[in-house]
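# Fold and geometry: a report
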Amino acid sequence: MASKRLETLEAAISLVVPLLFFYIFWFPNLLLVVVAGAILVLALLSVPPVPWLLQKWMALLHFVGIINTKILLAILFFGVLTPVAWVYRLFHKPAKKENSNFVQRDHTFSASDFERTF
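Thresholds, definitions, all that
- Residues numbered from 1 in each chain as written.
- Predicted model: local features only at pLDDT ≥ 70, side-chain atom pairs only at ≥ 80, totals over all residues.
- Heavy atoms only, no water.
- Helix = DSSP H or I, 4+ residues; strand = E, 2+ residues; numbered from the N terminus.
- Contact = heavy atoms within 4.5 Å.
- Areas by Shrake-Rupley, 256 points an atom, 1.4 Å probe, with all protein chains shown as cover.
- UniProt positions renumbered as here; feature names shortened; annotations may be inferred.
- Core = buried A, V, L, I, M, F, W, Y, C linked by side-chain atoms within 4.5 Å.
- Buried < 20%, exposed > 50% of the residue type's maximum accessible area, 1.4 Å probe, protein only.
- 1 Å grid on protein atoms, 1.4 Å probe; cavity = no way out; pocket = protein on both sides within 12 Å on 5 of 7 lines; lining within 4 Å.
- Points joined across faces, edges and corners; volume = space filled by probe spheres on them.
- Nonpolar A, V, L, I, M, F, W, Y, C, P; charged D, E, K, R; others polar.
- Patch = residues over 30% accessible without salt bridge, like charges linked within 9 Å, V, L, I, M, F, W, Y side chains within 5 Å.
- Salt bridge = Lys/Arg side-chain N within 4 Å of Asp/Glu carboxyl O.
- Expected span 1.5 Å × (residues − 1).
- Arc of directions from axis to C-beta.

## Here we look at the overall build of the chain
Helix and strand content of the chain: 3 helices and 0 strands. Counted from the first residue to the last, the chain has its helices and strands arranged as α-α-α. When contacts within the chain are restricted to residue pairs at least 6 apart in sequence, long-range pairs at least 24 apart make up 57% of them. By element, 71% of the accessible surface of the chain is carried by carbon and sulfur atoms, the whole surface being about 10700 Å².

## Examining the UniProt feature "transmembrane region" (unreviewed entry) in the chain
The residues that UniProt annotates with the feature "transmembrane region" (unreviewed entry) are residues 12–45 and 57–88. From the first C-alpha to the last, residues 12–45 spans 12 Å; its make-up is 88% helix and 0% strand. For residues 57–88, the helix share is 100%, the strand share is 0%, and the end-to-end C-alpha distance is 45 Å.

## What to know about the nonpolar core
With 12 residues, the main nonpolar core is built from L9, A11, A12, L15, V16, L19, L32, A36, I39, A43, L54 and W57. Counting residues per element, this core draws most heavily on helix α1 (residues 2–25), which supplies 6 residues. Contacts of L15, omitting those with residues within four sequence positions, involve I39, L53, L54 and W57.

## A word on the layout of surface pockets
Taken as a whole, the largest pocket holds about 170 Å³ of empty space. Contributing to the lining of the largest pocket are K4, E7, T8, E10, A11, P51, L54, Q55 and M58. At the level of elements, α1 and α3 (49–91) are the ones that each hand at least two residues to the lining of the largest pocket. Among the elements that make up the lining of the largest pocket, the one with the highest residue count is α1 (5 residues). Its residues placed into classes, the lining of the largest pocket shows 4 nonpolar, 2 polar and 3 charged.

## So, a nonpolar patch on the surface
A cluster of nonpolar side chains, contributed by L60, F63, V64, I66, I67, I71, L72 and I75, occupies part of the molecular surface with about 720 Å² of accessible area. With respect to the secondary-structure elements, L60 resides in helix α3.

## Here we look at helix α2 (residues 30–45)
With 16 residues, α2 should reach 22 Å at 1.5 Å per residue; the first-to-last C-alpha distance of 23 Å fits that figure. Of the residues making up α2, those classed as buried are L32, A36, I39 and A43. The buried residues of α2 occupy an angular sector of 65° when projected down its axis, which confines them to one face. α2 presents L30, L31, V34 and L45 as exposed residues on the side facing more than 90 degrees away from its buried surface. At the C-terminal side of α2, S46 shows a positive phi close to 60°.

Next up, the structure:
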């Protein structure tokens, strides 16, 4: 019971903080503060609709996290790793293959070659 209540309060805070952040920095509308306060008070009083709202909020955050991960990995790959690879290829030319360990064998196999393979 206590862990469920704690999860509800944590989710409520994760919903209230962005609302207050938007109020302070982008959209100074008193409605955001009222909604944030109402969500926090309802979560503290354990009103039944609040867990449903917070469950939807956490599902949205999970989806945003999946998309955000893909975007960050793409930025890392195309913004960091690709230029590093281009610079490496620019300054490190491939070595000539004159000193290879590969030995060319001109041998025609017969049935006796396969009798004692070990």
